[in-house]
Amino acid sequence: MCPGPRQAMSEQKQMAGEDNIAYTLGPMQAGPICCDPQPLIQVEDLSLHYGAKAALDRVTLDIHRGCITALIGPSGCGKTSFLLSINRLTDLIPGCRITGRIRIDGRDIHDPLCDVQTLRRRIGMVFQKPIPFPLSIHRNIELPLHEHGITRRADTGPIIEQVLQDVGLWNEVHDRLHSPALRLSGGQQQRLCIARALALNPHILLMDEPCSALDPLASGIVEDLISRLSGRYTIVIVTHNLAQAGRIANYAAFFWTKGQAGQLVEFGRCRQIFESPSHELTAAYVNGVRG
Amino acid sequence: MATLKSIHACRDRFAQFAIYTAAFMVCAAFVWILSDLVLGGAAHLSWDFLVDSPRDAGRAGGIGPILVSTGLVLMVALMAALPLGWTTAVLLAEYISADSSFGYAVRYSLHVLACVPSIVFGLFGNAFFSIYLDMGFSILSGGLTLACMLLPILISTADAGLRAVPDTYRLSAAALGMSRTTTLFRLLLPAASPSLAAGLLLGTGRAVAETAALLFTSGYVDRMPGSLLDSGRTLSIHIFDLSMNIPGGDARAHASALVLITALLLLNVAAMRLAAGWQRRRITE
Ligand SMILES: Nc1ncnc2c1ncn2[C@@H]1O[C@H](COP(=O)(O)OP(=O)(O)O)[C@@H](O)[C@H]1O
Ligand SMILES: [Mg+2]
């Protein structure tokens, strides 16, 4: 199995050290140095259809352990669909069909022996719009913990405090944990959603444009948070903000709609994608949006 | 310019007048009914009226046994209809895709059922529960007939309530590895509770006010019921009988109607409070 966050952290510290090759644009607050990329999520020939309509066409891609991988590309090219197929949320969408293979830590997620609930517990997801449940702040985090058998107050209390600390929300809400989560501001709600996902101790975080519904200030706070989380978690983030991708990601994958379906055009280290893309579509997109 | 302006002003004033008149007429109708009932019935209202048995075919005495029968019929109806209706609604809203032909067929038949006049339910209840299942004229048979009538209301309100809960809750609950059952009981049903309460209220109101469906099923007997298999006369049937069949029963009919309306109003307020309270608790819990 994948090491837990804390374990991963210490591994990271050992891994870092020597040659500080930065694969990212701009300064990285606390990222790992991915000098020894190990694939954690291996996607092979993934095609996805909604009814008769194809959304993804034969995507093959490795996502590396402990790194942040940014998915970029225009709207409708299947980035969200790609994320949803990693934690099998596509099972919930009527008419959605998947072919190809996705392995996490070497195990096929479509294996009948694979328990979906456990799989999803180990993969946190943050959506574009913050989706706090209409419950109290405390209960929002406690409910999923209860579901996974962590029910004693002595256990849940420290976890809830820890994850709220991790997302920098503790100081803002510790005196009103039992007030409605819906009363928080948008940025706070999004951080609560991240905390809720972290509470289950996942090893992968999927983030679908986590900052796009937030104002620039809140967006900056969430972005800082994400870069602090890198290394402890393997993060796949969809973003339309290329500057943001450049700041926080180690790898980037560029998707584009060819014909009807989205395809992976180019995948590589973030710097390479941004500075010397090998595909002309990538170059056009990266420069077009920049300039 | 000036004329155009005055035409506009004139039109506005006319529209305003029409809107106020309509609203006033609605209020006036309600006030008229209520004042008629109060004027005709309030004099006979007393604690004794509520607990005594009717005497002289209802011209004298009270409505004690009738209230008990009404309560029992309502209890039977809700106990049969709530579990069945809400489970069906969960099935429709959560387990069957919106455009499946089965879901469509069930919803369509519910719409049809909701339009069936209550006298038809009465005849069906009489044939099926009273005669075929041999329950005779009884509170049980009346309650079950009412349950059939309530099902469409309970199912469609709960179904609509569950459907109105945003899909994003289901997705993000699933993304947290929560099971369908937990999601249903901890998130979806609480989020739909105002609709469930509204359905319960509508259903109860309809059941308490129902006459035709009970004529041939729970019957007329105005004695205190000894068991659910006894016949029992409900409040609305009592009102109907007093005003149609009993000369000189008008005053008691008014008083009974006043009790019925008061009960319905209280029910309304209680249900609203309940729904508001649920919502508050669900958010702050
Ligand atoms: N539930 C759905 N049913 C049918 N088509 C869908 C559904 N979700 C997405 N699509 C389609 O699949 C394509 C890819 O969508 P999506 O993965 O959301 O792209 P992106 O996140 O890159 O904007 C789009 O053309 C979209 O219209
Ligand atoms: Mg998207």
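Rules used throughout
Residues numbered from 1 in each chain as written. Chains lettered and ligands numbered in written order. Predicted model: local features only at pLDDT ≥ 70, side-chain atom pairs only at ≥ 80, totals over all residues. Heavy atoms only, no water. UniProt positions renumbered as here; feature names shortened; annotations may be inferred. Helix = DSSP H or I, 4+ residues; strand = E, 2+ residues; numbered from the N terminus. Buried < 20%, exposed > 50% of the residue type's maximum accessible area, 1.4 Å probe, protein only. Contact = heavy atoms within 4.5 Å. Areas by Shrake-Rupley, 256 points an atom, 1.4 Å probe, with all protein chains shown as cover. Phe/Tyr/Trp six-rings, centres within 6.5 Å; stacked < 30°, edge-to-face > 60°. Lys NZ or Arg CZ within 6 Å of the ring centre and 35° of its normal. Near = heavy atom within 4 Å. Polar contact = N/O pair within 3.5 Å; in protein donor to acceptor, adjacent residues only side chain to side chain. Nonpolar A, V, L, I, M, F, W, Y, C, P; charged D, E, K, R; others polar. Pairing = 2+ DSSP bridges. Right-handed = clockwise from strand over helix to strand, strands pointing away. Salt bridge = Lys/Arg side-chain N within 4 Å of Asp/Glu carboxyl O. Axes fitted to C-alpha atoms, helices over the stretch in contact; angles between N-to-C directions. Parallel < 35°, antiparallel > 145°, perpendicular 65-115°, else oblique. Left-handed = near helix turned anticlockwise from the far one by under 90°. Domains from an automatic or database assignment. Buried area = accessible area lost by both parts, 1.4 Å probe.

By the naming in an unreviewed UniProt entry, chain B goes by Phosphate transport system permease protein PstA and is assigned to Nitrosospira briensis. In UniProt, chain B has this text filed under Sequence similarities (unreviewed entry): "Belongs to the binding-protein-dependent transport system permease family. CysTW subfamily."

Asker: Explanation requested: the overall build of chain A in the structure shown.
Answerer: Looking only at helices and strands, one finds 11 helices and 10 strands in chain A. A burial count over chain A gives 55% of its 291 residues as buried. Sequence separation of 24 or more characterises 69% of the internal contacts of chain A that already satisfy a separation of 6 or more. When the accessible surface of chain A is summed, it comes to about 12100 Å², and 51% of that surface belongs to carbon and sulfur atoms.

Asker: Help me understand the packing of aromatic side chains, please; the structure alone is not making it clear to me.
Answerer: Within a pair of aromatic rings, the relevant descriptors are the distance that separates the centres and the angle that separates the planes. Residues and elements named next belong to chain A. Going through the model one piece at a time under the given rule, you end up with 10 aromatic pairs over all chains. Judged by centre distance (6.0 Å) and plane angle (40 degrees), the rings of F254 and W256 are tilted. Geometrically, the ring pair formed by F254 and Y285 is tilted, given 5.0 Å between the ring centres and 35 degrees between the ring planes. Note that F254 is positioned in strand 9 (residues 251-258) and Y285 in helix 11 (residues 280-290), a separation of 31 residues in sequence. A relative accessible area of 0% means that F254 is categorised as buried. Residue placement shows R196 over the ring face of F133; its charged tip is 4.2 Å from the ring centre.

Asker: Explain the UniProt feature "transmembrane region" (unreviewed entry) in chain B to me, please; I cannot follow it from the model alone.
Answerer: All names here are of chain B. Under the feature "transmembrane region" (unreviewed entry), the UniProt entry names residues 20-43, 63-96, 108-133, 139-162, 183-202 and 253-276. Taken end to end, residues 20-43 is 92% helix and 0% strand, and its two terminal C-alpha atoms sit 34 Å from one another. For residues 183-202, helix accounts for 100% and strand for 0%, while the C-alpha atoms at its two ends are 27 Å apart.

Asker: What is the right way to read the site of ligand 1 from this model?
Answerer: All names here are of chain A. Around ligand 1 sit Y50, K53, A55, S75, G76, C77, G78, K79, T80, S81 and I93, and those are all the residues in its vicinity. One nitrogen or oxygen atom from the side chain of K79 is found 2.8 Å from an oxygen atom belonging to ligand 1. When residues of the shell around ligand 1 are traced back to their parent elements, those giving at least two are strand 2 (53-64) and helix 2 (79-86). With 3 residues, the top contributor of residues to the shell around ligand 1 is helix 2. Residues belonging to the shell around ligand 1 are distributed by class as follows: 4 nonpolar, 5 polar and 2 charged.

Asker: I tried to follow the pairing of strand 7 (residues 204-208) of chain A on my own but got confused; where do I start?
Answerer: The side chains of a regular strand alternate between the sheet's two faces. Residue and element names in this part refer to chain A. Most of strand 7 is tucked away: 5 of the 5 residues are buried. Side chains I204, L206 and D208 of strand 7 all project onto a buried face; the interleaved residues L205 and M207 project onto the opposite face, where all are buried too. Pairing of strand 6 (residues 123-126) with strand 7, which is carried by 4 bridges, proceeds in the parallel orientation. Within strand 7, the position partnered with V126 by the bridge is M207. The sheet contact formed by strand 7 and strand 8 (residues 234-238) spans 5 bridges and is parallel. By the bridge assignment, D208 is partnered in strand 8 with V238. After leaving strand 7, the chain enters helix 8 (residues 216-229) and then returns to the sheet as strand 8, a path that is right-handed.

Asker: What is the right way to read the pattern of salt bridges from this model?
Answerer: Side chains that differ in sign of charge can pair as their charged atoms come close. Residues and elements named next belong to chain A. If you walk through the whole model with that rule in mind, you get 16 salt bridges over all chains. Residue R103 is joined to E44 by a salt bridge in which the shortest nitrogen-to-oxygen separation is 2.6 Å. With R103 in strand 4 (residues 96-104) and E44 in strand 1 (residues 39-50), this residue pair connects regions lying 59 residues apart in the sequence. The residue R58 makes a salt bridge to D57 at a minimum N-O spacing of 3.2 Å. A single salt-bridge network, built from bridges that share partners, covers E44, R101 and R103.

Asker: Looking at this model, I keep getting lost on the packing of helix 7 (residues 186-199) of chain A against helix 8 of chain A. Mind explaining?
Answerer: When two helices pack together, their arrangement is given by the angle between the helix axes and the distance between those axes. Residue and element names in this part refer to chain A. Closest axis-to-axis distance for the helix 7/helix 8 pair is 9 Å, and the angle between their directions is 20 degrees. Considering their axes alone, helix 7 and helix 8 lie roughly parallel with respect to each other. Every pair of crossing elements has a handedness; the one defined by helix 7 and helix 8 is right-handed. Along its contact with helix 7, which presents G187, R191, I194 and L198, the element helix 8 presents A218, I221, V222, L225 and L229. Classifying every residue of the contact of helix 7 with helix 8 gives 7 nonpolar, 1 polar and 1 charged.

Asker: Looking at this structure, how should I read the domain arrangement of chain B?
Answerer: When the parts of a complex come together, some accessible area is lost, and that lost area is often used as the size of the interface. All names here are of chain B. Domain assignment breaks chain B into domain 1 (2-44) and domain 2 (47-284). For domain 1 versus domain 2, the distance between C-alpha centres works out to 33 Å. Each side of the interface is counted separately: domain 1 has 8 residues, and domain 2 has 8 residues. Across the interface of domain 1 and domain 2, roughly 730 Å² is buried in total on both sides, 77% from carbon and sulfur atoms. Counting across the interface, domain 1 meets domain 2 through 0 salt bridges. There are 1 residue pair in polar contact (both at pLDDT 80 or more) connecting domain 1 and domain 2. Split into classes, the residues belonging to the side of domain 1 that touches domain 2 amount to 4 nonpolar, 3 polar and 1 charged.

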